[in-house]
Amino acid sequence: MEREIKALESGRGGAEAPARGRGRAAPRKPAAAVVDVKEKLAKAADIGMDLITFEVMRNAFVAACYEASTTIERVAYHPVVGMGRDRSNALLTRDGRLVAHGFTDAAAHYASFGPSVRELLKDVPLAEMRPGDTFLFSDPYRTGSHVNDTRLIRPIFHAGEIVAFACTVIHWADMGGPNPGTFNPEATTCYAEGIRIPPIRLFKEDRLDEELWSFIAINIRGSIERRADLQAQVEASKLIERRVKELCERYGKDTLYQAFEEQFNYSERLMLAELAELPDGSWEFEDWGDQDVNAPGKPPIYVHCKMTKRGTKLAFDWSKSGPQPKASWGCSYATLTGGNYLGFMICFPQLFPLNEGIIRNLEIVSKKGTCVDVVEPAPTTGYCSGAFDKVEAVTIACLAGPLGKVQPWRVYPAAVSLTNLCMGGYNPRTKKQFVQYTYAVGGENARTFKDGKSLIFMRFCNARTIPQELEERWFPVVFTRYEARRDSCGHGMRRGGFALVREFDVLTDVTMTIHGDREKFAPFGISGGLNAGGSMLIVNKGTKREMNAGMYATGVRIRKGDRIFYSSAGGGGFGNPLDREPELVLTDVMDEWLTIEAAKKYYGVVIKVKDAEALDHRIDRDATRKLRAKLRKKKFPEGTGPHQVHPLGKKIRVAWVPTEEEVAPHITVSRPPGW
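Residues numbered from 1 in each chain as written. Predicted model: local features only at pLDDT ≥ 70, side-chain atom pairs only at ≥ 80, totals over all residues. Heavy atoms only, no water.

### Section: unusual backbone geometry
Okay, step 1: Following Phe352, the chain continues to Pro353 via a peptide bond in cis, the omega torsion being 0°.
Okay, step 2: The residue Pro353 is located in the loop between α10 (333-347) and α11 (356-359) in this model.
Okay, step 3: In this structure, Pro377 follows Glu376 across a cis peptide bond, with omega equal to 10°.
Okay, step 4: Assignment of secondary structure puts Pro377 in the loop between β13 (362-365) and α12 (384-406).
Okay, step 5: One non-glycine residue with positive phi stands out, namely Leu455, at about 70°.
Okay, step 6: A positive phi angle, near 55°, is found at Ser527, a position not held by glycine.
Okay, step 7: With respect to the element layout, Ser527 can be found in the loop between β18 (510-515) and β19 (536-539). (Helix = DSSP H or I, 4+ residues; strand = E, 2+ residues; numbered from the N terminus.)

See below:
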């Protein structure tokens, strides 16, 4: 608590602050009753149990989940689970309330933990569960996300009583369906997206039910690999069970139950203290999916939210979003809440980890049959690059309204969208069938005080780029390019991060599917910052056989020797690019992030190359001054496409632009590991 108070005192004191970190000063809104905040934080420390025991236990909950996730990372078979970290672990109460998850877990999984356990309890009451039982569950309409995210749920017994649940989630590389990897952009129903699994008791007394497993195995590709991944999940769930039993043996189950409730109450009080600092009002924002590929004319898909803040009440209304798409893009209500939670936690990472104390204080309203609350049998495999990504981005944009007035360092443009590339076929080297699943990463959004990160993917907290050497070892591909895509950032006073482009040759005939987005409606900029460059997938780029596959190519036959150019989107920019320090533009040009042409076109900086080999680049100050004056009169074109000024994003303003030094104490105390 002392750290939070010190951060408030150091970060918000004083009447004035630099408008842009350097140069002229701008009036700043006075700090809002720091004394009141201290009182709120003091109330947050009003714990109804021994404080040392409370701290030990609440940290033990997160540590158990993190340890389980690390176990999966070491043991799981497929690279996207191990090196890519597409896995998560959670501890829940015996009635299905989220207690904790790991530091580096997949944010897209957070909201699925609670519904998964509660839906399991509808089918299998506590009284019918036995020690050693472990349930497999993967039904997007009940659990959220998509069928590839399989949940293994294990009741934790102590002294003959269920005291908690462990829930592990990993992305199985294949769950059946017509395309390797199961992603199917052109699916019209869930029946073209692999097998859904209701809650089944897959393990009884810690023994795998071979009959049930054989039914699953015969319907999916790479079943031997998936069994290895399943075993990693089992070991992770057992590890969480051991850690909870150790706590029960040391402190007793009553203390465990009390620690659960006190953690919820503690997180709730901290959250309400944060919300009390924000001004009241209503804010709206919208975003778009590129296209509904199965609808006539392939129209874009509309996502809208109205956020209302009154006192410590925060409500998000998504009911005006567009209708349920005919193709696989939308999400179920559980997934909607997940995107909403993630957007909130990105703005308030000091509340980490997400738990019931936060969940119960966010009101999320939707309308059945919309793109953010689809009904069965709507397809859902594309949820993560589709509805989930847009819900997260729109949530952050709505929160920018109140945060921009008092805590501008928590205001962000949009970031790269996840895009899912799957290829499958026969690997001539291993003499086996394979399914390769990889995703595009980087760049991240700009911040109000600093440029966005390039080539990485922070928003999901966990995802890592799978090394090209590992992919070449596992799959019949050879990489020829693995680098930043020049000029792909969202240009701005603080630019977004640059996209990662990967180019590789395919060494055998394969079937390829890409399920992505953000090619047309790029990650948006704010406060006059430009939208980023969009996603790309091009086959045989620069040859007579070049084909722009786009983000929705389904079951495309790729021949041996074909080359695939695969690029993520960049991150949205913040502030007018013409306000960026010319020296920073020069550095980006010398580092080969920006071309000289882009420096001139977007930043109005004229750079002369005296000696390219010696990196002797110089700013023509006079020409730059004249060009910037000319560009300010002309203005950048508005729109939702790459490198345009977003019509709604430009309206997001902050009361002042904080310096990096000013923000440092807030980031130090509020950023949990893995974020």
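That covers the picture; the talk isn't over yet.
### Digging into the pattern of salt bridges
Okay, step 1: Applying the stated rule across the entire model yields 48 salt bridges.
Okay, step 2: Arg494 serves as the salt-bridge partner of Glu581, at 3.2 Å between the closest nitrogen and oxygen. Here Glu581 is found in the loop between β22 (563-567) and α14 (582-590), whereas its partner Arg494 is found in the loop between β16 (477-484) and β17 (500-506), with 87 residues between them in sequence. Each member of the pair, Glu581 as well as Arg494, is classed as buried.
Okay, step 3: Where Asp622 meets Lys626, a salt bridge forms, and the shortest distance between an N and an O atom there is 3.3 Å. Residue Asp622 and its partner Lys626 are located together in helix α16 (residues 621-634), separated by 4 residues, close to a single helical turn.
Okay, step 4: Assessed through its relative accessible area of 35%, Asp622 is described here as partly exposed.
Okay, step 5: Overall, the relative accessible area of 55% leaves Lys626 in the exposed class.
Okay, step 6: A single network of salt bridges, built from pairs that share partners, joins Asp287, Asp389, Lys390, Asp517 and Arg518. (Salt bridge = Lys/Arg side-chain N within 4 Å of Asp/Glu carboxyl O. Buried < 20%, exposed > 50% of the residue type's maximum accessible area, 1.4 Å probe, protein only.)

### Some remarks on the sheet that holds strand β11 (residues 301-310)
Okay, step 1: Strands sit in the order β10-β11-β12-β13 across an open sheet of 4 strands; the sheet is mixed. Among the strands making up the open sheet, the edge pair consists of β10 (281-289) and β13. With strand direction ignored, the average angle separating the axes of adjacent strands in the sheet is 15°.
Okay, step 2: Alignment of β11 against strand β12 (residues 313-317), held across 5 bridges, turns out to be antiparallel. Looking at the pairing, Thr308 lines up with Ala315 of β12.
Okay, step 3: Each of β10, β11 and β12 touches α12; the most contacted strand, β10, lies at about 150° to it. (Pairing = 2+ DSSP bridges. Axes fitted to C-alpha atoms, helices over the stretch in contact; angles between N-to-C directions. Contact = heavy atoms within 4.5 Å.)

### Here's the deal with the side chain of Thr370
Okay, step 1: Here Thr370 is to be found in the loop between β13 and α12.
Okay, step 2: Look past the residues within four positions of Thr370 in its chain and what remains in contact with it is Ser319, Ser321, Gly322, Pro323 and Gln324.

### Quick word on the sheet that holds β18
Okay, step 1: Read from one edge to the other, the open sheet built from 4 strands follows the order β15-β14-β18-β21, with strand pairing classed as antiparallel. Since the sheet does not close on itself, it has two edges, and those belong to β15 (432-439) and β21 (556-558), each with one partner. The sheet shows a mean angle of 25° between the axes of neighbouring strands, taken without regard to direction.

### A word on the environment of Pro79
Okay, step 1: One can find Pro79 in helix α4 (residues 79-82).
Okay, step 2: Judged by relative accessible area, which is 4%, Pro79 ranks as buried.
Okay, step 3: Pro79 sits 387 residues away from Ile466 along the chain, and the two C-alpha atoms are 7.2 Å apart.
Okay, step 4: Excluding anything up to four places from it in sequence, Pro79 contacts Gly84, Ile466, Leu470, Trp474 and Phe475.

### Overview of the nonpolar core
Okay, step 1: Ranked by size, the top nonpolar core spans 162 residues in total, and within it Phe61, Leu91, Trp318, Phe344 and Met512 carry the most contacts.
Okay, step 2: Each residue touching Phe61, except ones within four places of it in the same chain, is listed here: Leu91, Val99, Ala100, Leu247, Leu256, Ala259, Phe260 and Gln263.
Okay, step 3: Within the second largest apolar cluster, 20 residues are counted, among which are Cys489, Val605, Ile607 and Ile619. (Core = buried A, V, L, I, M, F, W, Y, C linked by side-chain atoms within 4.5 Å.)

### Observations regarding the packing of aromatic side chains
Okay, step 1: Overall, the coordinates contain 18 aromatic pairs when judged by the stated rule.
Okay, step 2: Ring geometry for Phe54 and Tyr266: centres 5.6 Å apart, planes at 70°, overall edge-to-face. Of the two residues, Phe54 sits in helix α3 (residues 51-75) while Tyr266 sits in helix α9 (residues 253-276), which places them 212 residues apart along the sequence.
Okay, step 3: Since its relative accessible area comes to 1%, Phe54 is described here as buried.
Okay, step 4: Residue Tyr266 is classed as buried on the basis of its relative accessible area, which comes to 11%.
Okay, step 5: With a centroid separation of 6.5 Å and 50° between ring planes, the pair formed by Trp474 and Phe475 is classed as tilted.
Okay, step 6: Grouping aromatic residues by their ring pairs yields a cluster made of Tyr77, Phe434, Trp474 and Phe475.
Okay, step 7: Lying over the aromatic face of Phe565, Lys541 brings its terminal NZ or CZ to 5.0 Å of the ring centre. (Phe/Tyr/Trp six-rings, centres within 6.5 Å; stacked < 30°, edge-to-face > 60°. Lys NZ or Arg CZ within 6 Å of the ring centre and 35° of its normal.)

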